[in-house]
Amino acid sequence: MELRNKVAVVTGAGRGIGAALAENLARLGATVVRADIGYPAGTQEDRNHLSLDVRDGASWDRLRDSVHDRFGPIHVLVNNAGISARTDLLGTRDADFQDVFAVNAFGPWRGIKTFAGDLGRTRGSVVNIGSIYGTTTPPGGPGTVPSSIAYQLSKAAVHQLTKVAAVELAPRGIRVNAVLPGVFRTALLDDLPAEALRARIEGAPLARAGEVGELAAVVGFLASEQSSFVTGALVPVDGGYLAAG
């Protein structure tokens with residue numbers, strides 16, 4: 001599995017899972033553009049670290065122009081940037097709901113639109129980062145930790161976006177897949193009490209949290225030509241969590 005002579009863009013690459021995904025693609029030989037809202041825009045940017053606010057269409061356009069100037073058309077787009085709001089259905093504010101959707105759902109849609117021309121020329125691959133909680137609900141009931149309804153709905157939207165884009169873009173030679181991470185120890189779980197985190201971990205038959213390298217390996221496979229007949233797939237990387245129901 002190798003990505004030599006390929007250009008990849010990874011969003012939300014400034015830390016956590018995004019940084020791990022970018023590092024693995026680079027190990028596989030890709031030239032990786034790490035795009036993140038935390039990188040300063042303008043002359044302070046270095047060659048491979050570019051500013052991107054996935055909520056802003058103009059920011060996507062600027063990213064595309066910068067990537068073209070520096071590296072040419074891309075072969076891989078990894079839509080990883082994501083946020084959450086730890087509130088339940090009735091407690092979620094309009095502003096929080098809209099912001100989560102702007103990052104988690106609008107961002108991947110706009111990214112695919114922005115780079116579709118490139119990906120069609122290079123017969124490229126899109127990998128979206130979904131979630132098991134776009135398919136099922138976290139453990140718990142009344143009085144437990146709120147379920148992050150906006151996050152769950154936004155990830156369900158990413159799953160459907162993956163399927164629609166896979167069908168519509170197949171004639172252009174573009175593959176679109178998603179990975180559905182289970183429980184990984186990332187900043188999105190920092191606000192969970194230990195008992196709630198343990199319940200989520202124990203929901204998987206493998207009974208442990210995932211390592212980011214395990215997720216990065218699946219993303220690398222879907223980005224590479226070894227998965228050339230895989231498109232429209234939602235691939236759980238969850239220790240069996242979804243299989244256990």
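The structure under discussion appears in the preceding block.
A few points on the structure. (Residues numbered from 1 in each chain as written. Predicted model: local features only at pLDDT ≥ 70, side-chain atom pairs only at ≥ 80, totals over all residues. Heavy atoms only, no water.)

1. Re the environment of Ser66
We apply this condition: Secondary structure elements are defined from DSSP: runs of H or I of at least 4 residues count as helices, runs of E of at least 2 residues count as strands, and each element is numbered from the N terminus.
Its place among the elements puts Ser66 in helix H2 (residues 57–71). The sequence separation of Ser66 and Ala157 amounts to 91 residues, and the corresponding C-alpha distance is 29 Å.

2. Regarding helix H3 (residues 94–122)
Let me state the cut-off plainly: Helix span, as expected, comes to 1.5 Å for every residue beyond the first. To get the bend at a given residue, fit one axis to the seven residues ending there, fit another to the seven starting there, and take the angle between those axes.
For H3, which comprises 29 residues, the first-to-last C-alpha distance of 40 Å matches the rise-based estimate of 42 Å (1.5 Å per residue) to within 8%. Along H3, the largest kink reaches about 55 degrees and is centred on Ala116. The positive-phi residue at the C-terminal boundary of H3 is Arg123, with phi of around 50 degrees.

3. Some details on the nonpolar core
Test applied: Take the buried residues of types Ala, Val, Leu, Ile, Met, Phe, Trp, Tyr and Cys, join any two whose side-chain atoms come within 4.5 Å, and each joined set is a nonpolar core. A 1.4 Å probe rolled over the protein chains alone gives each residue an accessible area, and that area as a share of the maximum for its type sets the label: buried under 20%, exposed over 50%, partly exposed in between. Whether two residues are in contact is decided by their heavy atoms, any of which lying within 4.5 Å being enough.
Membership of the largest hydrophobic core comes to 25 residues, with the highest contact counts inside it found for Val9, Leu63, Val67, Ile74, Leu77 and Phe115. Looking at this core, the elements that each hand over two or more residues are strand E1 (7–11), strand E2 (31–36), H2, H3 and helix H4 (149–169). With near-sequence residues (within four places) excluded, Phe115 lies in contact with Val9, Trp60, Leu63, Arg64, Ile74 and Leu77. Among the nonpolar cores identified, the runner-up in size contains 23 residues, and Leu28, Val32, Val76 and Val179 belong to it.

4. Comments concerning the sheet that holds strand E7 (residues 234–237)
Selection rule: Strand pairing requires that DSSP identify at least two bridges connecting the strands. For every element, the axis is a line fit to its C-alpha atoms; helices are fit only across the contacting stretch, and the angle between N-to-C directions ranges from 0 to 180 degrees.
Taken in spatial order, the seven strands line up as E3-E2-E1-E4-E5-E6-E7 in an open sheet, and their pairing is parallel. Looking along the sheet, the strands with just one partner apiece sit at the ends: strand E3 (49–51) and E7. Recorded for the sheet is a direction-independent mean angle of 20 degrees between the axes of neighbouring strands. Each of E1, E2, strand E4 (76–79) and strand E5 (125–129) is contacted by helix H1 (residues 16–27), which is oriented at about 165 degrees to E2, the strand it contacts most. Lying over the sheet, helix H6 (residues 212–223) contacts E4, E5, strand E6 (175–181) and E7, oriented at roughly 170 degrees with respect to E6.

5. Here's the deal with the environment of Leu89
As for its position among the elements, Leu89 is in the loop between E4 and H3. Along the primary structure Leu89 and Ala150 are separated by 61 residues, whereas in three dimensions their C-alpha atoms are 7.9 Å apart.

6. Considerations on the side chain of Ser227
The line we're drawing: Polar contacts, as used here, are pairs of N or O atoms within 3.5 Å; protein pairs need one atom able to donate a hydrogen and one able to accept it. Residues neighboring in sequence count only if both atoms are side-chain atoms.
Structurally, Ser227 is set in the loop between H6 and E7. Among the polar contacts made by the side chain of Ser227, one reaches the main-chain carbonyl oxygen of Phe221 at a distance of 2.8 Å. If near-sequence neighbours (up to four positions away) are discounted, Ser227 is found in contact with Arg175, Phe221 and Leu222.

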